[in-house]
Amino acid sequence: MSGRILIADDEPNILISLEYLMKRQGYEVLVARDGQEALDQLRAHRPQLVLLDVMMPRKSGFEVCSELRADEAIRDTLVLMLTAKGRDTDVAKGLGVGADAYMTKPFSTKELAQKVAELLAAGRKAA
Amino acid sequence: MLSPTLVLVLSFGYLLLLFAVAGWADRRAAAGRSVIGNAWVYALSIAVYCTAWTYFGSVGRAASGGVWFLPIYLGPTLAMLVAWVVLRKMVRTARAQHVTSIADFIASRYGKSPALAGLVSLITVVGIVPYIALQLKAVASAYQVLTVPLATAVPAPGPWWSDGTFYVALALAGFTMVFGTRHLDATERHEGMVAAIAFESLVKLVAFLAVGAAVTWWLFDGPADLFARALADPALAPLLRLEQGQRFPFAQWFALTLLAMLSVLLLPRQFQVMVVENVDERHIRRAAWAFPAYLLLINLFVLPIALAGLMHFQGRPVQADTFVLSLPLDLGWQGLALLAFVGGLSAATGMVIVEAIAVSTMVCNDLVMPLLLRWARVARRAELTGLLLAVRRGAILVVLLLGYAYYHLAGEAYALVGIGLISFAAVAQFAPALLLGLYWKGATRLGAMAGLSAGFAMWVYTLMLPSIGKSGWWETDFVAEGPWGLALLKPEQLLGLTLLDPLTHSLFWSLLLNVGLFVGLSLSRAPGAAEASQALLFVDAGRGAAQGQPVFWRGQAQVADLQALLARFLGPARANRLLAEHAASRGLAADLPLPADAQTVQFAEQQLAGAIGSASARVVVSKVVQEESLGLDDVLRILDEASQLRRYSQELEAQRQRLEQATAQLRAANERLESLDRLKDDFMSSVTHELRTPLTSIRALAELMVDDADMPAVQRQEFLRIVVAETERLSRLVNQVLDMAKIESGHAEWHDSELDVAAVLRQAVHSFQETLRERGTELRLSLPVAGQRPLIRADEDRLVQVLLNLLSNAAKFAPAGKGRIDVRLQVAPGALTVEVQDNGPGVPAAQRELIFEKFRQGGGDAHRPQGTGLGLPISRRIVEHFGGQLFLRADSGQGACFAFTLPFSDNPTPAPPEATAGAKGDFP
């Protein structure tokens, strides 16, 4: 499997674990520590998928997702949202701004890897 | 002496001016911008009460009787000031019942009785004739004064066709017809007429005041001079005393005042302008004082003019009635004399116009039409408006001709005032039936009929006939000797009552019989159904909306018949419009037919009453529908239902309001709950988020290590280190969350003791110093001079917790290698302050308040894993629990300085110096 994945999270230790996980799966990994950095990375390197944390400084995950979907160039990026918030309203909000999938922390590494593979295989459906 | 042509031209010119004013007002009303919707216009229109009597008669009366001209004006003043509520009730009732005249009002009150309507109309016509004659006489003599040299003998009037006054009467009749009978429906406002009347009230006031002022200040040197000279004259001084040689002066004064009080309400012209022409009942309040003020002004100079005239014309045979004209004329003030003439003409024509219109409406609706409608040929005519107008015009002409006839036959024998009072006494007969009927539900039609008839008959016998008899036209001595020589029946001294003057005598007997029969017969028999229902509507007027009023009618009707009936009297276009408005007011859709129920019938009848009077309306409607006669029980039942309905709708309204209030309260409470909920949710979600974050790393790294047995050892070591660190972070977090929760909910345990803060500081600093040494950070403690041992009552462990929190924060942000932390203790009266200062990067302005919020951390990511974001909030809570304040000092150079105050046991903490950007304040 190959693909370029961006990981956006402000917690350094989570970033470390996710990076290791994705690299082990064989993907090329980019990292971002806040919302703005995430958008910059998206526009510069066009990853196929982004693991997007919701609670981030400068721009939240919701905002990043909205802007992403509004931007022609990166509109088709697959978005998998990760957050410690698991209320129904947050899930609905995430899917509402255009996330393709939503997982709550703490997650199972196996499930996360599986989900990423599914998404990449299916590709972005027509909006 | 002036040329007749000039006077005639001026007169006609003035009448045309009045006409123009009326036309202008009518046009404005048609354009929707009415000029009479104004309380001042209303008040001025009531001043039509002051007629040529005021101009000429009062002065004449004052000249012979001194202050005895006053009761005629005191009466209305009292009536308006005290009884304006009665007037208001009359207005409300009249509006609701579509009443168009006083006969209509009385007849409507007693069950819409045609007989009563006819009787009242008859009494009015007969009673008002002397009053009209008075106006004609006044105009005639005024004309004489202006055009004939003073003090020449006035020739006796010749046959009527050569009498100028006859033509004056005709001219006035024509004028009135044009004024008031252009269109039919009497419920429409006579806007033009009211405007013209208000205008002429102004004119007559101004003219009279002008003459009075001129006489007082030009002829004499002011009022003091005038009265002084009058008092000095033995012939005139008696005029200024209250009693004038009558027997029982106070009885007479009382009678006159009472008469005037009643007449201001009951004269047809007064009823017309005050009740029928009223557009807004709120105007009544203004009129209640404005009209008395007008009366005061116009009467101000009556006595001065009378006295001046008497003094000026001493010895010369000039009639006192004419002083207003003759004085200026004799003094050569021709312009002023003309102005006074115009004023007098104004007063006379105003009265005649309104009175004639009111009386003609009454005659047409209540006397002539009911008779005509019985005549089948008339009743079958398709269109009746033309007939009605013709009847009214005819009535105007007849009334004016009758007035002339009375003037011609009897006018010479009496001074003007005497004639006027006769009319007052006639309309006073309406008082019991009308006023008592407005407040007493038990008054019956029979009582009213009997009272009115008896009172009227007595009036004719004791006042009207003698006036004709004394004029000499009727050769008879029945006044002096009694009919057929019976002394006890002498008209002016009935039953031997010789103590009173003719007027008071007549008033006494007529009102006695009137009231006696009225009350007696009303009490002897209960009212019938029709009277009872009308009585309820009249007496309870003003309570409840017109919609809620009970409808006393039962039967069947066809709307088409009602529509045809309305069209016959009001014209088809108007009839359709009225029915459509009625349907709309009942909330029916435009295309649904109007139900032929009691409400519709009542509506149609009320609209007709506006055109032909309530009695006639009753007659024609009853012919068109099939009615069932109502018994008294039915009336009571309908009334009961109506009042129940009214109660229910009131309760419903109150309930709706309560419901609205409750809903508003609920909404507010809900919002508050939601915001609290949100706060709680925010906190909970923050806590879960904070707890889940380290758990995520722990789980993920652990799983990675489990899945990959071949992970390099270095990597594994690194991961395990992280796991341990995150576990520690997690437990710190859990502890602090619990701590925070305990403190906030009040469940924390506090072990207070007397503490020596300096000692506590020393110990904390000492234990911390070890950790700091590793990082190369210097820590210094400065304490106040020995000798001050401040004691604080607090929990030692908690205090240490606060100190350690501040110290660890300082240490976190101190630059590596050259970090420096200063701890200072300062003692002030009432409280002490502890400061922890570091030389780190300081706190940016945007974060100064943020850092005290839960789960917020200053600095960057590097400090994240160690911090929980709860340290400062907890410290603040603890300090606040001790009665102090924890804050960040305003920028003081490099680094951050956190300080907290602690009050001594008794004193509350003084407010901290500004914690925001600003001058650094030294602690006092």
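A.B. asks: Before we move on, can you summarise the environment of T181 of chain B with the specific residues and values?
C.D. replies: All names here are of chain B. Along the chain, the position of T181 falls in the loop between α7 (164–180) and α8 (191–219). Relative accessible area serves as the criterion here: at 4%, T181 is assigned to the buried category. Distance from T181 to A390, taken between C-alpha atoms, is 8.8 Å for residues 209 residues apart in sequence. Not counting the four nearest positions on each side in its chain, T181 is found in contact with T176, L389, R392, R393 and I396.

A.B. asks: Hey, could you go over the interface of chain B and chain A for me, with residue numbers and the actual values?
C.D. replies: The accessible area lost on association of the parts is a frequent measure of interface size. Every contact between the two is made by 24 residues of chain B and, on the other side, 21 residues of chain A. D707 of chain B serves as the salt-bridge partner of K110 of chain A, at 3.4 Å between the closest nitrogen and oxygen. One can count seven residue pairs in polar contact (both at pLDDT 80 or more) joining chain B with chain A. Elements represented by at least two residues in the side of chain B that touches chain A include exactly α28 (632–707) and α29 (713–745) of chain B. Its residues assigned to classes, the side of chain B that touches chain A comprises seven nonpolar, seven polar and 10 charged.

A.B. asks: Explain helix α31 (residues 796–813) of chain B residue by residue, including any values.
C.D. replies: Residues and elements named next belong to chain B. Between its terminal C-alpha atoms α31 stretches 26 Å, which fits the 26 Å expected from 18 residues at 1.5 Å a residue. If you check which residues of α31 are buried, you get R798, L799, V802, L803, N805, L806, L807, N809, A810 and A811. With a side-chain oxygen positioned 3.0 Å from the backbone nitrogen of D797, the residue opening α31 is D795.

A.B. asks: Describe the packing of aromatic side chains, naming the residues involved and giving the relevant values.
C.D. replies: Where two aromatic rings form a pair, the distance of their centres and the angle of their planes describe that pair. Residue and element names in this part refer to chain B. Taken as a whole, this structure holds 23 aromatic pairs over all chains when the rule is applied. Look at Y55 and F208: their rings are 5.1 Å apart centre to centre, the planes differ by 75°, and that puts the pair in the edge-to-face class. With Y55 in helix α3 (residues 52–65) and F208 in helix α8, the pair connects residues that are 153 residues apart, well separated along the chain. Put simply, the rings of Y49, W53, Y131, F291 and F424 pair up and form one aromatic cluster. Taking the ring centre of Y110 as reference, the NZ or CZ of R109 above it sits at 4.7 Å. Positioned above the aromatic ring of W40, the side-chain terminus of R286 is 4.6 Å from the ring centre.

A.B. asks: Could you give an account of the pattern of salt bridges, naming the residues involved and the relevant values?
C.D. replies: Counting across every chain of the model gives 34 salt bridges over all chains. Across the pair R69 of chain A and D100 of chain A runs a salt bridge whose closest N-O atoms are separated by 2.8 Å. Placement of the pair is R69 of chain A in helix α3 (residues 61–70) and D100 of chain A in the loop between α4 (88–97) and β5 (101–104), with a sequence separation of 31 residues. Under the relative-accessibility criterion, R69 of chain A is labelled buried at 14%. Residue classification places D100 of chain A among the partly exposed positions, given a relative accessible area of 27%. A salt bridge links E653 of chain B to R656 of chain B; its shortest N-O distance comes to 2.9 Å. Residue E653 of chain B and its partner R656 of chain B are located together in helix α28, separated by three residues, close to a single helical turn. On the basis of relative accessible area, E653 of chain B is assigned to the partly exposed category, the value being 36%. Through salt bridges with shared partners, a single network forms among R43, K59, E67 and D71 of chain A.

Definitions and limits used
- Residues numbered from 1 in each chain as written.
- Chains lettered and ligands numbered in written order.
- Predicted model: local features only at pLDDT ≥ 70, side-chain atom pairs only at ≥ 80, totals over all residues.
- Heavy atoms only, no water.
- Helix = DSSP H or I, 4+ residues; strand = E, 2+ residues; numbered from the N terminus.
- Buried < 20%, exposed > 50% of the residue type's maximum accessible area, 1.4 Å probe, protein only.
- Contact = heavy atoms within 4.5 Å.
- Salt bridge = Lys/Arg side-chain N within 4 Å of Asp/Glu carboxyl O.
- Polar contact = N/O pair within 3.5 Å; in protein donor to acceptor, adjacent residues only side chain to side chain.
- Nonpolar A, V, L, I, M, F, W, Y, C, P; charged D, E, K, R; others polar.
- Expected span 1.5 Å × (residues − 1).
- Phe/Tyr/Trp six-rings, centres within 6.5 Å; stacked < 30°, edge-to-face > 60°.
- Lys NZ or Arg CZ within 6 Å of the ring centre and 35° of its normal.

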